[in-house]
Structures are given as structure tokens and as C-alpha cells.
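Chains, contacts and geometry: an overview
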Amino acid sequence: MKYIVKTFLFLLFASFIASCGVDNYDEPESVLAGKITYNGKNVGVRSTSSPIKVNIYQDGYELNDRVAANVAQDGTFQALLFDGEYKVIPVSGNGPWLSEHDTLYITLKGHTEFEIKVTPYFTIENSSISLSGNTVTASFAINQVVSTANLSDVIVLVNKTSFVDEGTYIAREDGALQLNSQTVTIDLSDNDEAAKAVQLYGRIGVKADGADQMIYSEVIKLK
């Protein structure tokens, strides 16, 4: 019986020491906050199911010791890290832009902000989405940035939350594969989810042939 009691006390003491050791480890408190931009404006992307990733490596460590930060739909991302020197590298071939990227070297101290400048294949200009009765009307213009790029998809999406992309929507309508201005309408008359929704949001997406992701307009609240 004494042996059992001593063993129990030893295990309890060992567990206490181990937990104290874990508690004594410092946790990262500095924020590395980035944004993906073109001509000074954030690039809208998909953030659900298959989000775009940016790899962050601490200088001096092996490349497999990385932090993969998911890019939010407004083109921003962040990581909680220790102060130090870091390399930031967008994942090649992942995004609605040219894949050639320079490695960014960032000195992190406290809250540090920076931007990754990209060249998208296309941009969406002068976007407007509105709801009148059961009809959604989207007006926008597609601008070609990369001269060799071809349009693959043009879509207008509606969802009942503010997360809207080609993987998350309750209504969709294809637009014309053409540059410059166009108008797309969506009839929600027979859409039960839209009828029950307390809120509705709209967004426009454009995809280049061969790209793995669409570029998106900002999310617009319809009701």
C-alpha cells in the first residue's frame, strides 16, 4: 500500500513539474501583418476551402520549418511570431497573378506591416452590385493587365454570409468572356435559400485561363 501511495505521489509531482515547464515557455507576441496589392490596392481572393497561402520562414532555419499563412478574401494575412528576421515567399502558381515573386526579407519587431506586390492577369473595375425585389444586378468592367492572358470564367455570386467565392454561394450567374463593361443579372425568385436569408452579399469573380484561382471584387452587402 505504501508503495502505491509513493508511486502516486511521485507521478503527481512529475506531472506538476512538467506542467510548470510548459507554462514557462514564452509564446510569440509579435504580429507580422501583410497584404497582397496591385497598384496600391488590395487584391480580392478566395478564402474558403482552398485559400491562397503565403510561406513564412525564419532566417537561419531549414525551409521545412515554415508558417503557412492563409490569405483572407480582402488580400490580407497575418502570423503571430517571435521577433526576428523572416523570409516571406508566396506559393508559386497559387493565385490570380503571375508566379514570379521576389523573396521578401522582413525584420519583425512588435507589429510589423508590409505588402506583397503582384501582377494580376485581370482586374475588376467599377464594380456595382444591387438587389431590387428578387433581381440582383451586377455592373463591372474587366481590365486586362497581362497581354497574353485569356479569360476562362466570369461569374457573379450571391451568398447569405459575407464569405463569397466560387466555393461558397447560394446563387451564381456566368458573365460574358469579354473585356470592358458588362451587366449580369440573377433571378432569385425560385431560390429558397435567398428567400429565407436575413442578409445577402454579392461578389464578382474573374479567372484567367491556366490560373488556379480567381480574382474577386470586394464583397457588397445587398440586404
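The structure this text deals with has already been given above.
Residues numbered from 1 in each chain as written. Predicted model: local features only at pLDDT ≥ 70, side-chain atom pairs only at ≥ 80, totals over all residues. Heavy atoms only, no water.

**Observations regarding the sheet that holds strand β9 (residues 122–132)**
Within a sheet, adjacent strands bond to each other through the backbone by hydrogen bonds, running parallel or antiparallel. An order of β9-β10-β13 is seen for the three strands of this open sheet, with the pairing classed as antiparallel. Each of the sheet's edge strands pairs with one partner strand only, and the pair in question is β9 and β13 (180–187). Averaged over all pairs of adjacent strands, the angle between their axes in this sheet comes to 15 degrees, without regard to strand direction. Two elements, strand β10 (residues 135–144) and β13, share eight bridges in a ladder whose sense is antiparallel. For V136, the partnering residue across the bridge sits in β13 and is I186. (Pairing = 2+ DSSP bridges. Helix = DSSP H or I, 4+ residues; strand = E, 2+ residues; numbered from the N terminus. Axes fitted to C-alpha atoms, helices over the stretch in contact; angles between N-to-C directions.)

**Observations regarding the pattern of salt bridges**
The full count for this structure, using the stated rule, is four salt bridges. Note that E193 is salt-bridged to K160, the shortest N-O span being 3.1 Å. One end of the pair, E193, is in helix α2 (residues 192–196); the other, K160, is in the loop between β11 (151–159) and β12 (171–174), with 33 residues separating them in the sequence. It is possible to trace a salt-bridge network through shared partners that takes in R46, D165 and E166. (Salt bridge = Lys/Arg side-chain N within 4 Å of Asp/Glu carboxyl O.)

**Concerning the pairing of strand β5 (residues 76–81)**
Where burial is concerned, the two faces of β5 differ: the one with F77, A79 and L81 is buried and the one with T76, Q78 and L80 is not. With six bridges joining them, strand β1 (residues 30–38) and β5 adopt antiparallel strand pairing. Considered in β5, the bridge of V31 is made with L80. (Buried < 20%, exposed > 50% of the residue type's maximum accessible area, 1.4 Å probe, protein only.)

**Observations regarding the nonpolar core**
Judged by nonpolar contacts, the single largest core of 49 residues is most densely connected at I36 and F140. Residues within four places of F140 in sequence aside, it is in contact with I124, E125, N126, S127, V154, V156, N180, S181, Q182, V184 and I204. L157, Y201, M214 and Y216 belong to the second-largest nonpolar core, a separate cluster that totals six residues. (Core = buried A, V, L, I, M, F, W, Y, C linked by side-chain atoms within 4.5 Å. Contact = heavy atoms within 4.5 Å.)

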